[in-house]
Amino acid sequence: MKKFDAVDIIRAKRDGQKLSREEIDWTIDAYTKGAIGDEQMAALAMAIFLNGMDREEISQWTTAMINSGDRMDFSALGKPTADKHSTGGVGDKMTLPLAPLVAVYGVAVPQLSGRGLGHTGGTLDKLEAIPGWRADLSNDEIMAQLRDCGAVICAAGAGLAPADKKLYALRDVTATVDSIPLIASSIMSKKIAEGTDSLVLDVKVGSGAFMKDIDQARELASTMVALGLDAGVKTSALLTDMSTPLGLKVGNGLEVEESVEVLAGGGPADVVELTVTLAREMLTAAGKDDDPSDALNDGRAMDVWRQMIEEQGGDPDAPMPNAKHTHDVLAEADGILTELDALSVGVASWRLGAGRAVKSEPVQAAAGIELYAKPGDRVAKGQKLMTLHTDDEARIERALQSLDGGIEIGGDYETRESVVLERVE
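About the cut-offs
Residues numbered from 1 in each chain as written. Predicted model: local features only at pLDDT ≥ 70, side-chain atom pairs only at ≥ 80, totals over all residues. Heavy atoms only, no water. UniProt positions renumbered as here; feature names shortened; annotations may be inferred. Helix = DSSP H or I, 4+ residues; strand = E, 2+ residues; numbered from the N terminus. Pairing = 2+ DSSP bridges. Axes fitted to C-alpha atoms, helices over the stretch in contact; angles between N-to-C directions. Contact = heavy atoms within 4.5 Å.

- With an unreviewed UniProt entry as reference, the chain is termed Thymidine phosphorylase, source organism Trueperella bonasi.
- UniProt lists a comment for the chain under the heading Subunit (unreviewed entry), and it reads "Homodimer."
- Quoted verbatim from the Sequence similarities (unreviewed entry) heading of the UniProt record, the comment on the chain is "Belongs to the thymidine/pyrimidine-nucleoside phosphorylase family."

## Considerations on the UniProt feature "domain: Pyrimidine nucleoside phosphorylase C-terminal" (unreviewed entry) in the chain
Now for step 1: Following the UniProt record, the feature "domain: Pyrimidine nucleoside phosphorylase C-terminal" (unreviewed entry) maps to residues 336-410 here.
Now for step 2: Helix and strand shares over residues 336-410 are 28% and 29% respectively, and the end C-alpha atoms of the span are 5 Å apart.

## A short note on the sheet that holds strand 9 (residues 368-371)
Now for step 1: Sheet architecture is open: four strands sit in the order 6-9-11-7, paired in antiparallel fashion. Edge positions in the open sheet fall to strand 6 (249-251) and strand 7 (325-330), since each of these has one partner strand only. Within this sheet the neighbouring strands show an average axis-to-axis angle of 15°, counted without direction.
Now for step 2: Pairing of strand 6 with strand 9, which is carried by three bridges, proceeds in the antiparallel orientation. In the strand pairing of strand 9, Gly251 is matched with Gly368.
Now for step 3: Relative to strand 6, helix 11 (residues 252-263) is tilted by about 140°, and along the sheet it contacts strand 6, strand 9 and strand 11 (384-390).

## Observations concerning the sheet that holds strand 1 (residues 82-86)
Now for step 1: The four strands lie next to each other as 1-4-5-13, forming an open sheet whose pairing is mixed. Single-partner strands in this sheet number two, and they are strand 1 and strand 13 (420-424). Strand-to-strand twist across the sheet, computed as the mean angle between neighbouring axes with direction ignored, equals 20°.
Now for step 2: Of the strand pairs in this sheet, strand 5 (residues 234-241) and strand 13 are connected by four bridges, and their pairing is antiparallel. Of the residues in strand 13, the one forming a bridge with Leu238 is Arg423.

Next up, the structure:
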């Protein structure tokens, strides 16, 4: 590979120039191997943040990050594979019911997931509330489970897109996270490296989401869809509402409980709607035209869930842990609940112990928030709006502070028709 000079590449992007394929390949390779230092990559990330990248640059940046590590191959399974990625939200438990539901219809779902950071929960943290369940599987174990029950939710191996892991940690401490080229290439390098045939992106929009503005979310979705298609992965995206929490339970064990309710044919309407909509999108991409709501109602999705949990050492019949302390939040007036802000609830849940501020922190399995009303519901003064759960009573006061201003009770409210705002392909 031709050798370049990191300073020249930084200068070029600082001055708004386009980086060549060769420059990008060399940069990612050199950074992965330690030949480019963090201070130089931080300068380049800031130049990209300020000046952007065109589609060709983003595509090549993504490809270079994929090529920094391993790429999984599921062709030996002999059936289509489909995956889903969410940009993260509050009460966003969709992976849990979705993976077994889609697997019912003969589509393998290799759902390589992550842990939570900040106010957005992590899928692995939620599942680890189940006694015995383990996140770390070898590639052979992943393949065997996909053959046996068709669905696996586990941690991504360290060999997938190692350049992204290194760059993500750097962006986190250099104020360069909020860059669409860097976000899109980060997400898509990992997802393409997973080797799935098709991918459905759930791009959240609203206060509790990474993207607060629908135009930004649309741009991110379009960029990621284009990257997937460039790599030969059938890709589509849904923009979904994250102005208020999804469902009625936020937190690790609490969200497992709600996921099981959905798999049993119940659960809150918004969670059921999004589960079925995403499942239909994944099945269509895999060439299937089944109605996934059937498998929620007849128990087939629950059967796959139980098998999936058992194969990873978990006990699907074990009750979720109970928090040592609870605190009820009551309505302060009569009227209609006009706002239940997703970010306020997410931060409160995080402060109760459901999330972490740094990646090394443990999380509480029982911490979180149960909701009893959603925007549009009529409430009475003194009525219970939510219950806070935590193992550490001292955390409750700070959680209540984050809810201040996030709950509004008033007059008229225009109920949203659907949690799905738009489709991007």
